[in-house]
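Here's the letter readout for the chains.
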Amino acid sequence: MAKDNYLEKLNPPQREAVTHPEGPLMIIAGAGSGKTRVLTYRIAWLIEQGVDPFNILSLTFTNKAAGEMRQRIEAVIGNDAKNLWMGTFHSVFAKILRFEGKRLGYTSDFTIYDTDDSRSLMRTIIKELGLDDKTYKPNYVLNRISSAKNALVSWEAYANNPVYMEDDKAARMPEIGRLYKMYVLRCFQANAMDFDDLLYNTNVLFRDHLDVLNKYQHKFKHVMVDEFQDTNVSQYLITRKLSSVHQNICIVGDDAQSIYAFRGANIQNILNFKADYPDLKVVKLEQNYRSTQTIVNAANSVIARNKEQLEKNVFSENEEGSKIDVIKAASDNEEGRLIATNIFEEKNNNSLKNTDFAILYRTNAQSRAFEEALRKLNIKYRIVGGLSFYQRKEIKDLLAYLRFTINQNDEEAFKRIINLPKRGIGDTTVAKIVVTAAENGKSVWEVVSNINQYIAGRAAQTIDDFATLIKSYGLLIEEGKDAHTVASYIAKTSGLLKELYDDKTVEGLARYENIQELLNSIKQFVDNPENEEVTLSAFLQTVTLMTTADQEDEDGDHDRVTLMTIHGAKGLEFKYVYIVGLEENLFPSQMMLSKRSDLEEERRLFYVAITRAEKKLTLSYAESRYNYGRLNYCEPSRFLEEIDPKYLQISRSRVISYGNSDARNDRPATSSPVPAGFTKKETLISNLRPVQKAAPVNHTPTGDFVASDTSNLKAGDKVEHPKFGYGTVTKMDINGNDRKATIKFDAQGQGEKTLLLSFAKLRIVE
DNA sequence: GACAGAACTGGGTTT
DNA sequence: CAGTTCTGTC
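Sequence positions are assigned chain by chain, starting from 1 and proceeding in written order. Throughout, the order in which chains and ligands are written sets their labels, letters from A for the former and numbers from 1 for the latter. Residues qualify for local features only when their pLDDT is at least 70, as the model is predicted, and side-chain atom pairs are given and counted only at 80 or more; totals for whole chains, interfaces and linings, by contrast, use all residues. By convention in this description, side-chain values take in all heavy atoms of the structure and omit both hydrogens and water.

Trainee: Teacher, can you tell me more about the overall build of chain A here?
Mentor: A run of H or I in DSSP becomes a helix once it reaches four residues, and a run of E becomes a strand once it reaches two; helices and strands are each numbered from the N terminus. Assigned secondary structure in chain A consists of 31 helices and 24 strands. Only protein chains enter the area calculation, which uses a 1.4 Å probe; residues under 20% of their type maximum are buried, those over 50% are exposed, and those in between are partly exposed. For chain A, the residues scored as buried account for 51% of the 766 residues in total. The contact criterion used is simple: two residues touch if any of their non-hydrogen atoms lie within 4.5 Å. Across chain A, the fraction of contacts at a sequence separation of at least 24, relative to all contacts at a separation of at least 6, is 74%. The accessible surface values rely on the Shrake-Rupley method and a 1.4 Å probe; as for residues, cover is taken only from the protein chains in view. Roughly 35,900 Å² of accessible area belongs to chain A as shown, and the carbon and sulfur atoms make up 50% of that amount.

Trainee: Help me understand the sheet that holds strand S15 (residues 574-579), please; the structure alone is not making it clear to me.
Mentor: Sheet strands line up and pair through hydrogen bonds in the backbone, either parallel or antiparallel. We call two strands paired when DSSP finds no fewer than two bridges between them. The parallel open sheet is built from seven strands, whose spatial order is S13-S14-S12-S15-S16-S11-S19. With one partner strand each, in any of the chains shown, strand S13 (381-383) and strand S19 (648-650) form the two edges of the open sheet. Adjacent strand axes in the sheet meet at a mean angle of 25°, parallel and antiparallel pairs treated alike. Bridge count for S15 against strand S16 (residues 613-622) is five bridges, and the pairing is parallel. For Tyr578, the partnering residue across the bridge sits in S16 and is Thr618. Relative to strand S11 (residues 324-329), helix H16 (residues 332-349) is tilted by about 140°, and along the sheet it contacts S11, strand S12 (357-361), strand S14 (561-565), S15 and S16. A fitted line through C-alpha atoms serves as each axis, taken over the contacting stretch for helices, and the angle formed by two N-to-C directions is quoted from 0 to 180°.

Trainee: Honestly, the UniProt feature "binding site: ATP" (unreviewed entry) in chain A in this entry has me stumped. Any pointers?
Mentor: Mapped onto the present numbering, the UniProt feature "binding site: ATP" (unreviewed entry) falls on Ala29, Gly30, Ala31, Gly32, Ser33, Gly34, Lys35 and Thr36. Inspection of the secondary structure assignment puts Ala31 in the loop between strand S1 (25-29) and helix H2 (35-48). Residue class for Ala31 comes out buried when judged on its relative accessible area of 2%. Setting aside anything within four residues of it in sequence, one finds Ala31 in contact with Asp254, Gln257, Asn288, Arg290, Val314, Tyr607, Thr611 and Arg612. By secondary structure assignment, the location of Gly34 is in the loop between S1 and H2. UniProt positions are given in the numbering used here, feature names are shortened, and annotations may be inferred rather than shown by experiment.

Trainee: Can you walk me through the sheet that holds strand S3 (residues 85-88) in this structure?
Mentor: Strand order in the open sheet formed by six strands is S3-S2-S6-S7-S1-S8, with parallel pairing between adjacent strands. Pairing within the sheet leaves two strands with one partner each, and these edge strands are S3 and strand S8 (281-285). Ignoring strand direction, the axes of neighbouring strands in this sheet form an average angle of 15°. As defined by bridge partners, S1 adjoins S8 across five bridges and the pair is classed as parallel.

Trainee: I would appreciate a short explanation of the environment of Asp717 in the present structure.
Mentor: Looking at where Asp717 falls in the secondary structure, it is placed in the loop between helix H31 (680-688) and strand S20 (718-721). Sequence separation between Asp717 and Trp155 is 562 residues, and the spatial gap between their C-alpha atoms is 42 Å. Residues in contact with Asp717, not counting those within four places in the same chain, are Asn712, Gly727, Thr728 and Val729.

Laid out in structure tokens, this is it:
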């Protein structure tokens, strides 16, 4: 291959980063500064210097990013690129655990539990321990466990840690430590790891098996980590250990784009990186090649409000570009129509493609209004994220069969398929089997395959038949049949496919096609020459770790408008970007506001969203929005005020026509009382019009507002709310843990509000 | 044990 | 509202 003079295409700091010979390197890469290009060329450069691709480990944020980077490297250095170790933390270390997991007592066929599996297992354990799942919400407990694991706190350490114990007691869940223990044991018995275990166990592996650590330390002469600002403690320690021999660790990141704290990402990793590596070389990439000056400057004016950040000066030398549009809509549905119309017009006026547009929102639930509006205008779109293909019931059903065939200890897969298709085995029998297994310290499969020793009667025969069926699948695996052969055989003989085939409803048909599609993708997996191993076991490992961003379009039509959450948009760019739903309590989210921690992460999220745009940015918000079937009034997000107004251009608010059929979608909640003398339709109009301007809301930080303990709050108490001011409790509504206080606020126009005490921060006024 | 309809209950981002 | 769990009936 002709020598590519790629170094000449780089600016000085980029070139410096690419050609840094040895030793720790930190690349602070501002948004749009050509980070991927630098990372790609650096790997190519290293290989040109004689480093074997086999000795390079590159950790990316999505598997798709890894694949694209591999292709770009291939374009520079040729075929050798396929020997690079590239992928997400989870997929790379899942692969290593497949090789080395037996040191920790797992087989190479361990299952990876996804969030649903974890939740289902936790629910089972909570029930078995006789705890109330209204108090112990499985998701909450799992979050606690997850953050413990990400901080490398074992269940033993958790139970012995007074801080955790006090916190749990204060949250009235003193048994979380016990649940953690049970959960870990059950996963282990099932030969299963959850997402956090993949990292946690890698740490344990490297801690307790120095020969293994040594092997990989010497193998990976260069370790690179992309999106370093989003690594957690567990991931950081892995990379530090792996690179401690050669000290060739190269991290790339942007502290301003750290948006995953909720799953344990620790921004301190990047802020303090220098402390761990005294002879660290730091390169800053500050020129933005992606966006117009207006967009870059507006983004800077927002992020400047954050305190904690590394000093840098991101700038653009591109054209100035047009101002940022701000659109105000009357309702969420109107927001959808305005944005869709806007896309339609821009597309026609500037002859653009659908792929040039992206609509970014804070929560997946917001997509609906945009889908409807785009469909009406015949604009093709794709939704990234949300309920993914692999979360559909029928897909999970077949996958459960496949999982159980590979790993008969997989309790969650077992529970899913034992009565599917219906074979007359109910919850009672299943619970009996699971409990029998747990009590005897046996796996579920040991009980099932010797069912006659444990239970007698009608169910026993059915279960025995089921065991025989699974054993017959096992034979196929032993014969070394590929994933597709086994999977289609199982789909046919398990009765799953037949059941769906017989279902002639529209949904049934769609489900049948989904199964076929899954089988197709397994076929593709088998036929892909890049996959060395095409067994069912190998396929299952990749499936669970598929990122939402990794998923392909369902058909060949790629020219679509993209709808996704801001989190999903990380690393992507679009000519036209619409950031929608800019309302208080939505973005920034209510939960962030009620935690009253600083809003720095939400602000970074806004920054990420803004910097996705190349040419033109549009912001929008609605004045009212449906929430659980109720129409709520919204106020514009504080973030809108944080952009320097000189970059903004406020569109005139449009009046929607109430008379047409669309207005029905904008109707107020049926629960709103129709005032005397009004017809329903008239209330509709008066409700939509901001009749009463809300009292001015003070957005400035409330300083040291300290919320009181509201567990004994009662009617008549005087309270202060940081936003709504002083008020009096008029009514308490207690329903288990769901405690609501209705408060009459003194301020004009505030009126009465009912607040959920678990969210509201109130100060009781003496 | 299966199913239909009633009652209830979420409150966010994802590997 | 939408998705899940509970309850009553066959």
